[in-house]
Number of protein chains: 2
Amino acid sequence: MSNKIKIAVLGYGNLGRGVELAVRQSDDMELFGVFSRRNPSDVKTQGAKVFAVSEILNHKNDFDVLILCGGSATDLPKQTPEFVQNFNCVDSFDTHANIPQHFAAVDKIAKQNGKVCVISAGWDPGLFSLNRLFGAAFLPKGESYTFWGKGVSQGHSDAIRRIEGVIDARQYTIPVESALDRVRKGENPNLSTREKHTRECFVVAAEGADLEKIEKEIVTMPNYFADYDTTVHFIDMETLQRQHAGIPHGGFVLRSGETGVAGETKHIIEFALKLDSNPEFTASVLVAYARAVARLAKKGDSAGAYTVFDIAPALLAPQTAEELRKDFL
Amino acid sequence: MSNKIKIAVLGYGNLGRGVELAVRQSDDMELFGVFSRRNPSDVKTQGAKVFAVSEILNHKNDFDVLILCGGSATDLPKQTPEFVQNFNCVDSFDTHANIPQHFAAVDKIAKQNGKVCVISAGWDPGLFSLNRLFGAAFLPKGESYTFWGKGVSQGHSDAIRRIEGVIDARQYTIPVESALDRVRKGENPNLSTREKHTRECFVVAAEGADLEKIEKEIVTMPNYFADYDTTVHFIDMETLQRQHAGIPHGGFVLRSGETGVAGETKHIIEFALKLDSNPEFTASVLVAYARAVARLAKKGDSAGAYTVFDIAPALLAPQTAEELRKDFL
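Residues numbered from 1 in each chain as written. Chains lettered and ligands numbered in written order. Predicted model: local features only at pLDDT ≥ 70, side-chain atom pairs only at ≥ 80, totals over all residues. Heavy atoms only, no water.

**Description of the overall build of chain A**
- A count of helical and extended segments in chain A gives eleven helices and 14 strands.
- The C-alpha atoms of chain A give 22 Å as radius of gyration, which agrees with the globular expectation for 329 residues (20 Å, within 12%).
- With the principal axes as the frame, chain A shows a C-alpha extent of 65 × 60 × 35 Å.
- Of the contacts formed within chain A by residues at least 6 apart in sequence, a portion of 69% connects residues at least 24 apart.
- With 37 positive and 42 negative side-chain charges, chain A shows a separation of 5 Å between the mean positions of the two kinds. (Helix = DSSP H or I, 4+ residues; strand = E, 2+ residues; numbered from the N terminus. Rg over C-alpha atoms; globule rule 2.2 N^0.38 Å. Contact = heavy atoms within 4.5 Å. Lys, Arg positive; Asp, Glu negative; His and termini not counted. Charge placed at Lys NZ, Arg CZ, Asp CG, Glu CD.)

So, in structure tokens, the structure goes:
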């Protein structure tokens with residue numbers, strides 16, 4: 001029997017595929033398999049075994065941690081409470097406003113069933129959250145800023161696709177460099193939505209569609225685009241597929257703070273991500289938190305829900321505490 | 001009786017003064033006082049009471065955490081094991097090579113005496129260490145890079161001051177921008193010492209001193225300067241005091257990693273600090289870790305030595321777990 005941490009995946013979209021690939025990079029882990037709502041023979045993995053999710057209770061002793069790779073809108077609010085009855089879990093629930101209620105629901109069921117679950121892992125929520133906490137803890141007098149991008153926003157791309165006459169679209173969120181520079185200079189500016197980010201849209205329109213009307217519908221769309229400076233480019237499908245196939249993302253968390261007798265000393269903490277694939281990086285973070293979950297579950301007396309705030313960093317790394325102190329401190 | 005966490009400081013140099021000021025910024029803390037080896041009446045604080053260190057055992061029940069603000073060369077290797085017999089402590093021990101033995105010594109005595117101690121807190125070791133760990137945990141296939149500066153290196157400045165004919169000096173370590181850019185581009189370069197940093201020295205020489213000889217002694221000094229491109233500027237004392245009075249520092253930790261089926265997807269994680277005062281920022285970090293120490297000590301069953309790797313981020317922040325999830329996640 002291998003001593004490796006055994007991982008299973010629920011849901012095989014971009015994120016599930018990323019988890020399959022990330023587990024391969026971790027020598028202390030192995031993938032038991034993928035559980036899918038689809039017919040297993042229709043799920044083409046990179047080599048992982050595929051099971052029907054309806055069979056999952058037959059595999060209660062076959063793996064240590066289940067990584068939930070569904071969406072936050074409808075999947076995870078149901079799935080995490082359901083599967084934490086029987087499995088130690090990690091999810092990437094990212095609807096910020098609903099995190100407290102998701103945490104409470106998962107925590108209660110995890111404790112009732114002696115399971116460990118990290119919710120809302122990933123990079124935002126996740127690594128960006130950690131850096132917001134660190135910034136405020138290390139520089140209590142100061143301002144925090146989060147900028148996103150340059151990257152593809154799936155929700156905004158979908159919103160454009162729903163417009164009449166649009167065949168496909170890709171939307172990029174872009175941080176405004178001059179705003180970033182003002183924060184880096186310690187100006188502590190008050191930045192409006194429009195001053196922080198711009199939005200750039202690449203749209204494939206149907207033949208004969210009214211392009212002016214589509215553009216106007218995009219740039220005036222409430223919540224999604226109206227508060228931003230938005231640029232719309234019409235391109236053909238071949239160009240969209242060739243130049244905009246990736247799902248890059250990233251961003252910046254900055255803390256601008258002051259210390260001294262009367263705030264006369266300035267400091268800037270900056271954390272930045274530049275990700276060629278949002279789902280592959282998110283998956284890598286989920287896998288590291290799955291390592292922490294496996295260790296907490298093995299230790300015992302740890303049942304409940306956790307967020308990135310509750311996980312000691314050493315639990316994320318495969319190295320021993322001695323190795324970490326020697327090589328990383 | 002106040003419910004605030006009570007902090008005491010051992011040693012009142014730049015770091016101790018920074019701790020005094022940082023505690024003022026934390027509403028959940030108060031400073032009991034400063035313990036000094038000097039005559040208390042000779043120690044001019046920003047308002048904190050000063051006690052002789054010889055009296056410290058009379059104050060065993062007067063504060064929760066003692067922050068040790070001595071130096072790593074001779075003070076901390078003796079002080080931390082000594083004071084952890086009676087107090088929960090935080091230190092900033094930063095002699096990287098000796099951390100394992102310092103940890104072992106402190107851990108043993110802390111456990112024997114039921115005390116909690118975080119060693120090697122600050123920004124390097126400290127926040128930079130955390131980011132080295134995070135980088136390797138989230139992107140196991142990749143390269144890590146640490147750049148320091150632009151900032152004043154106390155050790156290098158001291159080395160210049162020991163040269164005959166030098167009255168005073170300030171040395172700046174400067175990261176090479178082109179090397180940083182290569183890392184940010186994902187080139188994963190192998191960088192020599194000379195390629196990563198340059199050194200710039202501002203020197204006040206005695207009247208009639210042989211400037212050419214001083215410059216040659218600096219740039220050829222083994223370990224300190226010989227492996228770097230070093231620039232030497234001779235300036236007068238008034239200029240040194242006017243333009244080089246601060247102790248700025250900072251730097252960058254980068255992780256350049258890859259994911260995907262065959263490493264085809266690239267990611268960059270960057271953490272950067274730009275600090276106008278190295279000791280004031282280090283002090284702010286020590287104070288946040290003192291909060292974690294106080295909480296662990298209060299919880300009980302936590303005796304021993306810890307590093308930044310062992311401290312769950314939530315312990316650093318004054319907010320409750322609920323507030324953190326709601327406002328920071």
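**Observations regarding the relation of the copies chain A and chain B**
- Take chain A, turn it by 180°, move it 0.0 Å along the axis, and it overlays chain B with an RMSD of 0.0 Å. Taken together, the turn and the small shift mark the pair as related by a two-fold rotation axis.
- The overlap is high: 100% of the interface residues of chain A also sit at the interface in chain B, so the same surface is used on both sides. (Least-squares fit on C-alpha atoms with pLDDT ≥ 70 in both.)

**Some remarks on the nonpolar core**
- Among the nonpolar cores identified, the biggest contains 160 residues, and Tyr289 of chain A together with Tyr289 of chain B are the most heavily contacted of them.
- Discounting chain neighbours no more than four positions away, the residues touching Tyr289 of chain A are Val90, Val118, Ala121, Leu130, Val308, Ile311 and Leu316 of chain A together with Phe138 of chain B.
- In this structure, Ala159, Ile160, Ile163 and Val232 of chain B belong to the second largest nonpolar core, which totals 13 residues. (Core = buried A, V, L, I, M, F, W, Y, C linked by side-chain atoms within 4.5 Å. Buried < 20%, exposed > 50% of the residue type's maximum accessible area, 1.4 Å probe, protein only.)

**Regarding the sheet that holds strand β11 (residues 229-234) of chain A**
Residue and element names in this part refer to chain A.
- If you walk across this open sheet you meet the four strands as β8-β9-β10-β11, and the pairing is mixed. Each edge of the open sheet is held by one strand with a lone partner, namely β8 (151-152) and β11.
- Looking at chain direction, strand β10 (residues 197-205) and β11 are connected through six bridges and run parallel. Opposite Cys201, over in β11, you have Val232 as the bridge partner.
- Packing against the sheet, helix α8 (residues 211-219) makes contact with β9 (166-175), β10 and β11, and its axis sits at approximately 150° to β11. (Pairing = 2+ DSSP bridges. Axes fitted to C-alpha atoms, helices over the stretch in contact; angles between N-to-C directions.)

**As for the interface of chain A and chain B**
- The partner chain B presents 66 residues to the 66 residues of chain A that form the contact.
- For the chain A and chain B pair, buried surface summed over both sides reaches about 5700 Å², with 65% attributable to carbon and sulfur atoms.
- Area buried by chain A at its contact with chain B is led by Gln25, Phe138 and Leu329 of chain A, which between them contribute 15% of it.
- Inspection of the region where chain A meets chain B yields zero salt bridges.
- When contributions to the side of chain A that touches chain B are tallied by element, the ones reaching two or more residues are α1 (14-24), α3 (99-113), α4 (127-138), β12 (249-259), β13 (265-275), α10 (278-299) and α11 (321-327) of chain A.
- Element by element, the count of residues in the side of chain A that touches chain B is highest for β13 of chain A, at eleven residues.
- In terms of residue class, the side of chain A that touches chain B is made up of 36 nonpolar, 15 polar and 15 charged. (Buried area = accessible area lost by both parts, 1.4 Å probe. Salt bridge = Lys/Arg side-chain N within 4 Å of Asp/Glu carboxyl O. Nonpolar A, V, L, I, M, F, W, Y, C, P; charged D, E, K, R; others polar.)

**Concerning the sheet that holds strand β7 (residues 142-148) of chain A**
- Ordered by their spatial adjacency, six strands build an open sheet running β7(A)-β12(A)-β13(A)-β13(B)-β12(B)-β7(B), and the pairing between neighbours is antiparallel. Looking along the sheet, the strands with just one partner apiece sit at the ends: β7 of chain A together with β7 (142-148) of chain B. Pairs of neighbouring strands in the sheet enclose a mean axial angle of 5°, with direction left out of account.
- Note: β7 of chain A against β12 of chain A, seven bridges, orientation antiparallel. The residue bridging Glu143 of chain A from the neighbouring strand is Ser256 of chain A, located in β12 of chain A.
- Contacts from helix α6 (residues 177-184) of chain A reach β7, β12 and β13 of chain A together with β13 (265-275) of chain B, with the element oriented near 30° to β12 of chain A.

**Notes on empty space enclosed by the protein**
- Across all of its chains, the model carries five cavities of 30 Å³ or more by this definition.
- What lines the largest cavity is Leu127, Leu130, Asn131 and Phe271 of chain A together with Asn131, Phe134, Gly135, Phe138 and Ile269 of chain B.
- Those elements that place two or more of their residues in the lining of the largest cavity are α4 of chain A together with α4 (127-138) of chain B.
- The biggest single contributor to the lining of the largest cavity is α4 of chain B, with four residues.
- A breakdown of the residues in the lining of the largest cavity according to their chemical character gives six nonpolar, three polar and no charged. (1 Å grid on protein atoms, 1.4 Å probe; cavity = no way out; pocket = protein on both sides within 12 Å on 5 of 7 lines; lining within 4 Å. Points joined across faces, edges and corners; volume = space filled by probe spheres on them.)

**Notes on the packing of α1 of chain A against α10 of chain A**
Residue and element names in this part refer to chain A.
- Packing of α1 against α10 leaves a shortest axis separation of 8 Å and a crossing angle of 55°. Classed by the angle they form, the pair α1 and α10 counts as oblique. As α1 runs across α10, the sense of the crossing is right-handed. Contacts from Asn14, Leu15, Arg17, Gly18, Val19, Leu21, Ala22 and Val23 in α1 reach Pro279, Glu280, Thr282, Ala283, Ser284, Leu286 and Val287 in α10.
- For the contact of α1 with α10, the per-class residue count stands at nine nonpolar, four polar and two charged. (Parallel < 35°, antiparallel > 145°, perpendicular 65-115°, else oblique. Left-handed = near helix turned anticlockwise from the far one by under 90°.)

**Quick word on the packing of aromatic side chains**
- A full pass over the atoms with the stated rule returns 22 aromatic pairs over all chains.
- Members of the aromatic cluster, connected to one another through ring pairs, are Phe32, Phe35, Phe51, Phe63 and Phe87 of chain A. (Phe/Tyr/Trp six-rings, centres within 6.5 Å; stacked < 30°, edge-to-face > 60°.)

**A word on the packing of α4 of chain A against α4 of chain B**
- Packing of α4 of chain A against α4 of chain B brings their axes to within 14 Å, and their N-to-C directions diverge by 175°. By the angle class used here, α4 of chain A and α4 of chain B are roughly antiparallel. Where α4 of chain A approaches α4 of chain B, its residues Leu127, Leu130, Phe134 and Phe138 of chain A are matched on the opposing element by Leu127, Leu130, Phe134 and Phe138 of chain B.
- In terms of residue class, the contact of α4 of chain A with α4 of chain B is made up of eight nonpolar, no polar and no charged.

**Topic: the confidence of the model for chain A**
- Within chain A, residue pLDDT values average 97, and 100% of them lie at 70 or more.
- We note a pTM of 0.97 for the whole complex and an ipTM of 0.97 for its interfaces. (pLDDT = per-residue confidence, 0-100.)

**Remarks on the pattern of salt bridges**
Residues and elements named next belong to chain B.
- Considering all chains together, one arrives at 32 salt bridges over all chains under this definition.
- In this structure, Arg291 and Asp28 form a salt bridge, with 2.7 Å as the shortest nitrogen-oxygen distance. Of this pair, Arg291 sits in helix α10 (residues 278-299) while Asp28 is found in the loop between α1 (14-24) and β2 (29-36), placing the two residues 263 residues apart along the sequence.
- When its relative accessible area of 3% is taken as the criterion, Arg291 is described as buried.
- In this structure, Asp107 engages Lys111 in a salt bridge whose closest nitrogen and oxygen atoms are separated by 2.9 Å.

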